[in-house]
Amino acid sequence: MGFEMNRRFFMGGTAAMAALPTLGKNRQKPNVIIVITDDQGYGDMSSTGNPHLKTPNLDKLREQGTFLNNYHVDPTCAPTRSALMTGRYSDRVGVWHTVQGRSMLRRRETTMADVFGANGYTTGLFGKWHLGDCYPYRPEDRGFQHTVYHSAGGVGQAPDYWGNDYFDDTYIVNGKYQRFKGYCTDIWFDEGIKFIKENKERKKPFFAYISTNAPHGPYYCPAEYAKPFKGVPGVNIPEFNGMVVNIDDNMARLMKFLDNEGLADNTILVFQTDNGTAGGLAKNGKKGYDGGMRGRKGSQYEGGHRVPFMIRWPNGKIEAGKSIEQLTAHVDILPTFIEMCGLTAPEIAFDGTSLTPLLYSKEQNWPDRALVVESQRVIDPIKWRQCAVMTDQWRLIDGKELYDIRNDPRQTSDVAAKQPEVFQRLKAQYDKFWSDVSKEHDLTTRMVIGSDQSPIVSLSSHDWLHDGLPPWNQNHIVKGDVAVVSHWGIEVEHDGEYEISLRRWPVEADKGINDGTYGKAFNYKQARMQVAGFDQTVDIPNGAKEVTFKVKLKKGVVKLAPRFIGPDLTATPYYAYVTHKPKPGWQTPQGMNIPVYDPDYGRIPPQRK
């Protein structure tokens, strides 16, 4: 029991097929849809007791399927997504932060999309990815055949298209920027439904990953959704609640579509969220709904990582109205799908395990295993930082506090002194976990330049590498926040000549380096390029929008450390664009990921009321 039993090497869908109903070798492959929302906690639904929210469609899905009532993820978004996609701990796959180059999923990892695609499924992503914006970490590089998504961890963050604000935005569609009309969540479901319909017509099984950025901040939603919560005592942020109701309405659309198209019975439909609530509960816990738990997003306490998970599959005989109380987690979902869908997979050392015994029986002998979730949010992981070691009954917090979660769900009484044996046993479990995952903490995931798959690479301050949070949001850039000396970690894939263009504003904003139209104006006079022994400083021409350097680079790892220099301030540019010098006859490839300036669209990120 404990850590060792979680490391399962999985090579296909035969290990526990006996637990599944008899469907026959020639059964039609089930379609799979995962809907995952951002910053919606366990308590942000009416079926989990929220006194303000009405989510009848999520409640209906819960009634029609099985609910994992003790399901856990990491306390922040990118780590959760990396574990969900791989079945392996986020700390193991290189994703222990949401910025600073630590949200990029290591190249070696096999993703859920890779597995489904290799088994004849068409795979599609709609919404938030947050596991890398540059090659080779983009969703199109990680097994998704059709992609419609925004960059970074949220709409309006630094790598995202300039001025996106949830309404009428520009997103990336299979590598090309495309303008949409409408609200972001509606668009993700629209595009997901379109994808599903196309694959039904093609008679192809599909894996659709509908990953909403809502209800993550900034809290923008159509006014009619927020209005019912304005002035209601106990509601923390009306717009947050409105965003949840909009998600619920979109779930109704999706479920009705599946019914009308005759797809509902043989589609595995999953709903889950990525971490504890953000806007549903005030930081001091005094306003909003806590779901009966301590903590919220980012917390190592229960409210930071226990989230709803519901699964429906009528043809697969998933029991309606069932609630599973045993400990389960994000790392269990990929091995479960491999088994449920009869998929062939490469050998993967999973940290999770298939949940089919729990889904298809009462499984009284389910092992009392230990699982770890954590919220590192630093460049280099630190032992015991903001972590929980979990069993069915116990929660060890930061290696210091122990809670009996069955009898103390709000974690108010630390029993470490009263339960020394349990305390030491769980500490030992964590030590085994840490000694394993920390072996590769020195492996830095770097953005790759020089690949034919991405001739132009866009870099932003979101992925600067320095102590302290970088300016990861467009509003930080507008205000000129965190103007410091930093650098990017880069891997050069091929020897050659590169052009590196430095900008204060992104290409699509189309403003000068020292222009203050959108926000703070700087007074930079020179630009300096430092990379792989190359060191050159040039004057910035008056009104220049960018300064470009031509550099010869050798294959390997380099530190890209450019500077803008002024009389009062020297700082790293917020944006850089790296182009590999093309060979004679080279033409722009289809889907080259670089925005084009739209004079009717380039705009300052708004401060919505």
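One can find the structure itself at the top, above this paragraph.
Residues numbered from 1 in each chain as written. Predicted model: local features only at pLDDT ≥ 70, side-chain atom pairs only at ≥ 80, totals over all residues. Heavy atoms only, no water.

A. Quick look at the pairing of strand β25 (residues 547-553). Burial along β25 is one-sided: V547, F549, V551 and L553 are buried, while T548, K550 and K552, pointing the other way, are not. Bridging between strand β22 (residues 496-503) and β25 involves 7 bridges; their strand directions are antiparallel. Along β25, the bridge assignment pairs I500 with F549. (Buried < 20%, exposed > 50% of the residue type's maximum accessible area, 1.4 Å probe, protein only. Helix = DSSP H or I, 4+ residues; strand = E, 2+ residues; numbered from the N terminus. Pairing = 2+ DSSP bridges.)

B. Spatial organisation of the nonpolar core. By size, the foremost hydrophobic cluster in this structure holds 49 residues, and its most contacted members are I33, I196, L254, L258 and F271. Among the secondary structure elements, those contributing two or more residues to this core are β2 (31-37), α2 (56-64), β7 (170-173), α6 (184-201), β9 (206-211), α7 (223-226), α8 (238-260) and β10 (267-273). Sorting elements by how many residues they give to this core places α8 first, with 10 residues. Apart from residues lying up to four places away in sequence, L254 is in contact with I33, V35, F189, I193, I196, I210 and L269. (Core = buried A, V, L, I, M, F, W, Y, C linked by side-chain atoms within 4.5 Å. Contact = heavy atoms within 4.5 Å.)

C. Region of the structure containing the sheet that holds strand β17 (residues 394-397). Pairing within the open sheet is antiparallel, and its 4 strands lie in the order β15-β16-β17-β18. Two strands lie at the open edges of the sheet, namely β15 (371-374) and β18 (401-404), each paired on one side alone. The mean inter-strand angle of the sheet, taken between neighbouring strand axes irrespective of direction, is 20 degrees. Sitting on the sheet, helix α12 (residues 420-437) is in contact with β15, β16 (387-390), β17 and β18, with an inclination near 65 degrees to β17. (Axes fitted to C-alpha atoms, helices over the stretch in contact; angles between N-to-C directions.)

D. Here's a closer look at the pairing of β9. By the criterion of burial, β9 is predominantly enclosed, with 6 of the 6 residues buried. Judged by which residues are buried, β9 turns out to be covered on both faces: F206, A208 and I210 on one side and F207, Y209 and S211 on the other are all buried. The pairing of β2 with β9 spans 5 bridges and is parallel. For I34, the partnering residue across the bridge sits in β9 and is Y209. In this sheet, β9 lies alongside strand β5 (residues 122-128) in parallel orientation, the contact comprising 6 bridges. Looking at the pairing, T122 lines up with F206 of β9.

E. Up close: the sheet that holds strand β6 (residues 146-150). Across the sheet, which stays open at both edges, the 10 strands sit in the order β8-β7-β6-β5-β9-β2-β10-β11-β3-β12 with mixed pairing between neighbours. Of all the strands in the sheet, just β8 (176-179) and β12 (322-324) have a single pairing partner and so form its edges. The average angle at which neighbouring strand axes cross in this sheet is 15 degrees, direction not considered. Contacts from helix α3 (residues 77-86) reach β2, β5, β9 and β10, with the element oriented near 170 degrees to β9.

As far as function goes, none of this settles anything; it's purely spatial.
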